[in-house]
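Each chain, written out:
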Amino acid sequence: MSESAFDPVTFRSLTAPNRIAVSPMCQYSCSSDGVATEWHRVHLGSRAVGGAGIVMTEATAVDPRGRITPSDLGIWTDEQADALAPIAGFISEQGAVPAIQLAHAGRKGSKTSPSEGSQPLSPAEGGWATPAPSNTPYPHNQEPPAIDRLRQSGIEAVIDSFRAAAQRANNAGFQIAEVHAAHGYLLHQFLSPVTNNRSDEYGGSYENRTRLVEEVTAAVRSVWPDEAPVFVRISATDWLPDRESWTVADSVRLAPRLADVGADLIDVSAGGIHPDQQVPNSGPNYQVPYAERIRNETGVPVGAVGKLSTGEQIEALIANERADLAFVGREHLRDPYFALHAAAAVGKADPEAWPVQYRRGLNY
């Protein structure tokens, strides 16, 4: 019998009530201290009330230099973790699983928020130096200082920042930690030959370019509870067929390597390394084939993304064994109760899944 998107799913000893996850979506709603606000409590909490099985924070910076913008969420201080703890607690109280995405923007950082044009910030405007594997700026950004490759102090600091952030996240009550290695941010910058032209043990060969994401994943796993899962988000392809770049075949090779160091699921997205990317199409399920290929060729569990917007679509995704989780982003912005509505659309409505306060709304 095929599985349903609305069946529970277990990773290690943790069970989520269904296969729908709220995809990380930046809110750019903090002050410059990276502390979560009432906006984050309502935004994330309402998706848990709305029936999602896993509710994941936006990309949460592990270091102040790892922010995309000054208004990014952070977890490099205990104060930040303390502000996130009641949010994780509320998500858990609704029966959903609280998850956090740990991130470092690398050369794509030090910008204004999208509502302000995503413009590079100079030091005079409060900008900061953006660490990167090589001295190649993201187009229109400032030139990043390459992470120190002689003493490796910069590399070690990055690994330590992810490890410390994971420890804080665990203390705050999150039950899944996701390492962000996609969308052109720091760990993806190390993976891709488009952005990594180093000649040391973190550049050049495939093994060297994948070293940092493996070490970061291992570091997060080392402080994360054995019974709780670690995910890794990757960009399956750079979408740059006109040059040497990261490809789906590279991602297929990477998935079991990440599993070997403690990853329980690969969250498969794509792109973001360079604005020249050539997206082949952008219709429903357009990124699902990448996740499906990784799952089929490696046996490693995967999450899929790519304009997942209906219950029927997600039910087919899971029933046809194309992915183990559906990460839903924009549809959750349009409808905080998407998971409840999606279940009803495919005949899987469960009154017990609705908050008791809202069950009167089931009687038309």
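In case you missed it, the structure is sitting above this.
Report follows, based on the coordinates. (Residues numbered from 1 in each chain as written. Predicted model: local features only at pLDDT ≥ 70, side-chain atom pairs only at ≥ 80, totals over all residues. Heavy atoms only, no water.)

Now for the pattern of salt bridges. According to the stated counting rule, one finds 18 salt bridges in the structure shown. The salt bridge involving Asp 264 is made with Arg 221; its shortest N-O contact spans 3.1 Å. Here Asp 264 is found in the loop between helix H7 (248-260) and strand E8 (265-269), whereas its partner Arg 221 is found in helix H6 (residues 211-223), with 43 residues between them in sequence. A single burial state applies to Asp 264 and to Arg 221, both of which are buried. (Salt bridge = Lys/Arg side-chain N within 4 Å of Asp/Glu carboxyl O. Helix = DSSP H or I, 4+ residues; strand = E, 2+ residues; numbered from the N terminus. Buried < 20%, exposed > 50% of the residue type's maximum accessible area, 1.4 Å probe, protein only.)

On to H6, then. Here H6 spans 19 Å end to end across 13 residues, near enough to the 18 Å set by a 1.5 Å rise per residue. Those residues of H6 that sit buried are Leu 212, Val 213, Glu 214, Val 216, Thr 217, Ala 219, Val 220, Arg 221 and Val 223. Buried positions along H6 lie against strand E5 (97-103), helix H3 (153-171), strand E6 (176-181), helix H4 (186-191), strand E7 (230-235) and H7. (Expected span 1.5 Å × (residues − 1). Contact = heavy atoms within 4.5 Å.)

Going through the model one piece at a time under the given rule, you end up with four aromatic pairs. Geometrically, the ring pair formed by Phe 11 and Phe 231 is edge-to-face, given 5.4 Å between the ring centres and 75 degrees between the ring planes. One end of the pair, Phe 11, is in strand E1 (residues 9-11); the other, Phe 231, is in strand E7, and 220 residues separate them in sequence. Judged on exposure class, the residue Phe 11 and its partner Phe 231 are both buried. Taking the centre distance of 5.6 Å and the plane angle of 10 degrees together, the rings of Tyr 206 and Trp 246 count as stacked. Of this pair, Tyr 206 sits in helix H5 (residues 206-209) while Trp 246 sits in the loop between E7 and H7, placing them 40 residues apart in sequence. For the pair Tyr 206 and Trp 246, a shared accessibility class is recorded, and that class is buried. Geometry around Tyr 185 places Lys 108 over its ring, the cationic atom sitting 5.0 Å from the centre. The lysine or arginine in question, Arg 233, covers the ring of Phe 327, its NZ or CZ lying 5.7 Å from the ring centre. (Phe/Tyr/Trp six-rings, centres within 6.5 Å; stacked < 30°, edge-to-face > 60°. Lys NZ or Arg CZ within 6 Å of the ring centre and 35° of its normal.)

Locating Ile 314 in the fold gives a position in helix H9 (residues 311-319). You can call Ile 314 buried: its relative accessible area is 0%.

Further remarks concern the sheet that holds E7. Strand order in this closed barrel of eight strands is E3-E4-E5-E6-E7-E8-E9-E10, and the pairing throughout is parallel. Adjacent strand axes in the sheet meet at a mean angle of 30 degrees, parallel and antiparallel pairs treated alike. Taken together, the five bridges between E7 and E8 define a ladder with parallel strand orientation. Bridged to Val 232 within E8 is Ile 266. Helix-sheet contacts for H7 involve E7 and E8, and the interaxial angle to E7 is about 165 degrees. (Pairing = 2+ DSSP bridges. Axes fitted to C-alpha atoms, helices over the stretch in contact; angles between N-to-C directions.)

Core analysis: the largest hydrophobic core is formed by 82 residues, its most contacted members being Leu 102, Phe 162, Val 220, Val 232 and Ile 266. For this core, the element with the highest residue contribution is H3, accounting for seven residues. Filtering out sequence-adjacent residues up to four positions away, Val 220 remains in contact with Leu 102, Phe 162, Ala 166, Ala 177, Val 179 and Val 230. In this structure, Ile 176, Val 305, Leu 325 and Phe 327 belong to the second largest nonpolar core, which totals 15 residues. (Core = buried A, V, L, I, M, F, W, Y, C linked by side-chain atoms within 4.5 Å.)

These figures come from the coordinates and say nothing about function on their own.
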